[in-house]
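Reading the structure
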Amino acid sequence: MYTTQLQKHDDKPAPTGSAETAELTEAFEARIAADEFIEPNDWMPEAYRRTLIRQISQHAHSEVVGMLPEGNWLTRAPSLRRKAVLLAKIQDEGGHGLYLYSAAETLGISREEMVEALHTGRSKYSTIFNYPTQNWADIGAIGWLVDGAAIMNQVPLQRTSYGPYARAMVRVCKEESFHQRQGYEIMMAMANGTPEQKEMAQDSLNRWWWPSLMMFGPTDDNSPNTAQSMRWRIKRETNDEIRQRFVDVTVPQAEALDLKIPDSALKWNKDREHYDFGEINWSEFWSVVKGEGPVAKERISARTNAWENGAWVREAAAAHAARHNPVKKVA
Ligand code: FAQ
């Protein structure tokens, strides 16, 4: 995806002294303040690079692990049309993972290192994918709520300060918008269907609402990374700001479906011009972050098995590439 010759991180001349580092940092910060994109071969503070690797690789893992809950229903989709649409959507998520791994690779980390960090639990992925998909309505709820939350978070990331991440987000957002609509369309069909179908849709909303709100991360005052990431313009809006926007947009959508959001504290606040909503169960959130989610072990073992079973494909692809397109070693 990125055709520019990348410098290897180790090859970059290190600043020779604190005066030089201060000068480079000042120039870097001026570029951030001027809303310039930082590109792979540009000088950047080490902590900025590490923060990006952390966030982009976790985002990539989320896309790839996120294929599993929906994949669970591919063979049981209620019609050929639903199956074809779901298959296309899941393939898109795999593609998002690939753009994001590629963007992270431009920062000097290899795909293998990132995958290993996922498999060994050193790198996180979104809590939402540690919940099970129990019936077809869950596929509608994921598209509507989970992709809806993902878009809300990713639209501001189109203006993130790191160029390859921002550009990847442009295409990802277009595709997520289709995903959100396909989910909402499933919910519309179910909410306007038989009483049993409507009940399934309501049950699904009940189970996915709170985990969807958790996707935006801890509250701003409990978010260790937000302040610095906002200063570096990696994040353009805070966790709470984006969560609030999601609630404000989604409540009328639930009303249009005649479904009830499972929150007795939910109420329009005319002074704030936003919905007030109830307290998220933060102890559940942190326990899922720590890897104790309902299907966390199944998710990681599915990914580990896929990686191991796919070893022969990677070896064959590498052998084919070496035979047909040998890379010339530069002395
Ligand atoms: N799950 O200080 P903060 C999708 C961790 S894509 C797990 O606030 P930050 C598409 C956080 O990593 C969904 N961990 O952190 C799709 C940090 O730990 P660390 C993924 C979480 O980075 C749809 C610690 O808590 N989207 O759904 C979560 O500033 C359907 C403290 O948190 C992205 O990744 C969580 N929910 O803000 C696919 C978007 N929240 O790393 C298939 C890009 C927080 O220090 C089907 N990422 N943590 O060890 C971001 O915008 C940010 O990374 C946040 C977290 C907002 C997720």
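Residues numbered from 1 in each chain as written. Predicted model: local features only at pLDDT ≥ 70, side-chain atom pairs only at ≥ 80, totals over all residues. Heavy atoms only, no water.

What follows deals with the overall build of the protein. Each helix and strand in the protein was counted, giving 13 helices and two strands. Projected onto the principal axes, the alpha-carbon positions of the protein cover approximately 70 × 55 × 30 Å. Counting only residues that meet the buried cut, the protein has 47% of its 331 residues in that class. Within the protein, residue pairs in contact and separated by at least 24 positions form 77% of the contacts whose partners lie at least 6 positions apart. Total accessible area on the protein stands at roughly 17300 Å², and carbon and sulfur atoms take up 55% of it. Averaging the locations of the 39 positively and 45 negatively charged side chains of the protein gives two centres separated by 4 Å. (Helix = DSSP H or I, 4+ residues; strand = E, 2+ residues; numbered from the N terminus. Buried < 20%, exposed > 50% of the residue type's maximum accessible area, 1.4 Å probe, protein only. Contact = heavy atoms within 4.5 Å. Areas by Shrake-Rupley, 256 points an atom, 1.4 Å probe, with all protein chains shown as cover. Lys, Arg positive; Asp, Glu negative; His and termini not counted. Charge placed at Lys NZ, Arg CZ, Asp CG, Glu CD.)

A separate point is the environment of V115. Summarising the element assignment, V115 is placed in helix α5 (residues 111-119). Judged by relative accessible area, which is 8%, V115 ranks as buried. In this structure, the C-alpha to C-alpha distance between V115 and A60, residues 55 residues apart in sequence, is 9.8 Å. Not counting chain neighbours up to four residues away, the residues in contact with V115 comprise H61 and W307.

In the vicinity of the ligand, 36 residues are found, and the nearest of them are R54, K124, S223, K235 and N239. Within the side chain of R54, one N or O atom sits 2.8 Å away from an oxygen atom of the ligand. If the ligand stood free it would expose 1100 Å²; the protein chains cover 91% of that surface. Listed by contribution, the elements that provide at least two residues to the shell around the ligand are α2 (46-65), α4 (80-105), α6 (136-157), α7 (163-191) and α11 (282-292). (Near = heavy atom within 4 Å. Polar contact = N/O pair within 3.5 Å; in protein donor to acceptor, adjacent residues only side chain to side chain.)

The next point concerns the pattern of salt bridges. Across all of its chains, the model carries 21 salt bridges by this definition. A salt bridge links K89 to D147; the nearest nitrogen and oxygen atoms lie 2.8 Å apart. Here K89, found in helix α4, pairs with D147, found in helix α6; they are 58 residues apart in sequence, far enough to count as distant. Overall, D147 belongs to the buried group, its relative accessible area being 4%. (Salt bridge = Lys/Arg side-chain N within 4 Å of Asp/Glu carboxyl O.)

Core analysis: the biggest nonpolar cluster contains 48 residues, and W136, W144, W208, W209 and F246 have the highest contact counts within it. Only α4, α6, α7, α8 (195-214), α10 (239-256) and α11 provide two or more residues apiece to this core. Discounting chain neighbours no more than four positions away, the residues touching W144 are Q180, G183, Y184, M187, L205, T250, Q253, A254 and L257. Among the nonpolar cores identified, the runner-up in size contains 26 residues, and I32, V64, L107 and A168 belong to it. (Core = buried A, V, L, I, M, F, W, Y, C linked by side-chain atoms within 4.5 Å.)

This part takes up the side chain of S212. Secondary-structure assignment places S212 in helix α8. Given a relative accessible area of 0%, S212 falls into the buried group. In this structure S212 touches I128, L145, V146, A149 and F246, once residues within four positions along its chain are discounted.

Its place among the elements puts W210 in helix α8. Its relative accessible area of 19% is what places W210 among the buried residues. Sequence-wise, W210 and H324 are 114 residues apart; in three dimensions their C-alpha atoms are separated by 51 Å. Those residues within four positions of W210 in sequence are excluded, and the remaining contacts are P262, D263, G278, E279 and I280. A polar atom in the side chain of W210 sits 3.1 Å from the backbone oxygen of P262.

Within the secondary structure layout, R243 lies in helix α10. Its relative accessible area of 2% is what places R243 among the buried residues. Here the side chain of R243 touches P218 through a polar contact of 3.5 Å, landing on its backbone oxygen. If we ignore the near neighbours within four places in the chain, the residues touching R243 are L213, F216, G217, P218, T219, F277, I280 and W282.

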